[in-house]
Amino acid sequence: ADPAIVDLVNRVGLTFPVATPSLAAVVAALDDRQHLRRVAATNARLRARFAERMRDLGLRVYPSQTNFVLLGFADPDRSAASCAEFLRRRGILVRRFASPAYRDCIRVTIGFDNDMRIASRAIAEFIGAPH
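What this report covers is the structure whose coordinates are included nearby.

Thresholds applied
- Residues numbered from 1 in each chain as written.
- Predicted model: local features only at pLDDT ≥ 70, side-chain atom pairs only at ≥ 80, totals over all residues.
- Heavy atoms only, no water.
- Helix = DSSP H or I, 4+ residues; strand = E, 2+ residues; numbered from the N terminus.
- Buried < 20%, exposed > 50% of the residue type's maximum accessible area, 1.4 Å probe, protein only.
- Lys, Arg positive; Asp, Glu negative; His and termini not counted.
- Charge placed at Lys NZ, Arg CZ, Asp CG, Glu CD.
- 1 Å grid on protein atoms, 1.4 Å probe; cavity = no way out; pocket = protein on both sides within 12 Å on 5 of 7 lines; lining within 4 Å.
- Points joined across faces, edges and corners; volume = space filled by probe spheres on them.
- Nonpolar A, V, L, I, M, F, W, Y, C, P; charged D, E, K, R; others polar.
- Pairing = 2+ DSSP bridges.
- Salt bridge = Lys/Arg side-chain N within 4 Å of Asp/Glu carboxyl O.
- Contact = heavy atoms within 4.5 Å.

### Some thoughts on the overall build of the protein
- Along the protein, the regular secondary structure elements total five helices and three strands.
- For the protein, the α and β elements follow one another from N to C terminus as α-α-α-β-β-α-β-α.
- Here the protein, with 131 residues, has 26% of them falling under the buried criterion.
- Averaged over its 20 positive side-chain charges, the protein has a centre that lies 2 Å from the centre of its 13 negative ones.

Here it is in structure tokens:
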């Protein structure tokens, strides 16, 4: 590998060590192309459905090709911070960023189908929309 990548992995590995069996599982999973295609297709389908529902609720949905959706909250009475706290109290964890540029945003990782339905309903409840 590129020496800079090896250096970075070595530095991160000291803080977040990964067990040898876990590394073997990662290598095996990456070799299973059919599994990778299935996971990527499922992620894309769930991400698109969740993003559409969030748009329907009036939230800003930032473009994504990843395993998460970044949602923007424009209403100060229904802020990203208060939504994150609302969701946390219901056992749903989302990510907030310290950067002022993302103060009005939450990051929702794409999970299983049922996870996304639960998150969608909870956000609709927070917004005050029918769910």
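There's plenty left to go through after this.
### Things to note about the layout of surface pockets
- Space inside the largest pocket adds up to approximately 170 Å³.
- Forming the walls of the largest pocket are ten residues, and the residues nearest its centre are R49, R53, M116, R117 and S120.
- Those elements that provide at least two residues to the lining of the largest pocket are α3 (33-56) and α5 (113-127).
- Per-element accounting of the lining of the largest pocket gives the leading share, five residues, to α5.
- In the lining of the largest pocket, the residues fall into three nonpolar, two polar and five charged.

### Considering the sheet that holds strand β1 (residues 60-61)
- Sheet architecture is open: three strands sit in the order β1-β2-β3, paired in antiparallel fashion. With partners counted over all chains shown, the strands left at the sheet margins are β1 and β3 (105-109), one partner each.
- Examined bridge by bridge, β1 and strand β2 (residues 68-72) share two bridges and lie antiparallel to one another. Residue pairing in the sheet places R60 in a bridge with G72 of β2.

### Here we look at the side chain of R47
- With respect to the helices and strands, R47 occurs in helix α3.
- Of the side chains with opposite charge, E52 comes closest to the buried, unpaired R47, at an N-O distance of 12 Å.
- The contact partners of R47, leaving out residues within four places of it in the chain, are S64, Q65, T66, F68, V69 and I110.

### Concerning the pairing of β3
- In terms of burial, β3 is largely enclosed, as four of its five residues are buried.
- Of the strand pairs in this sheet, β2 and β3 are connected by five bridges, and their pairing is antiparallel. Counterpart to V69 in the pairing with β3 is V108.

### Structural notes on the pattern of salt bridges
- Applying the stated criterion across every chain, the model contains six salt bridges.
- Note that D113 and R49 form a salt bridge whose closest N and O atoms lie 2.8 Å from each other. Of this pair, D113 sits in helix α5 while R49 sits in helix α3; the two residues are 64 residues apart in sequence, bridging distant segments of the chain.
- Judged by relative accessible area, which is 39%, R49 ranks as partly exposed.
- Salt-bridge contacts for R89 lead to E85; the nearest nitrogen and oxygen are separated by 3.6 Å. Of this pair, R89 and E85 both sit in helix α4 (residues 80-89), four residues apart, which is roughly one turn of the helix.
- Bridged by salt links that share partners, the residues R49, D113 and R117 form one connected network.

Spatial relationships are all this shows, so hold off on functional conclusions.
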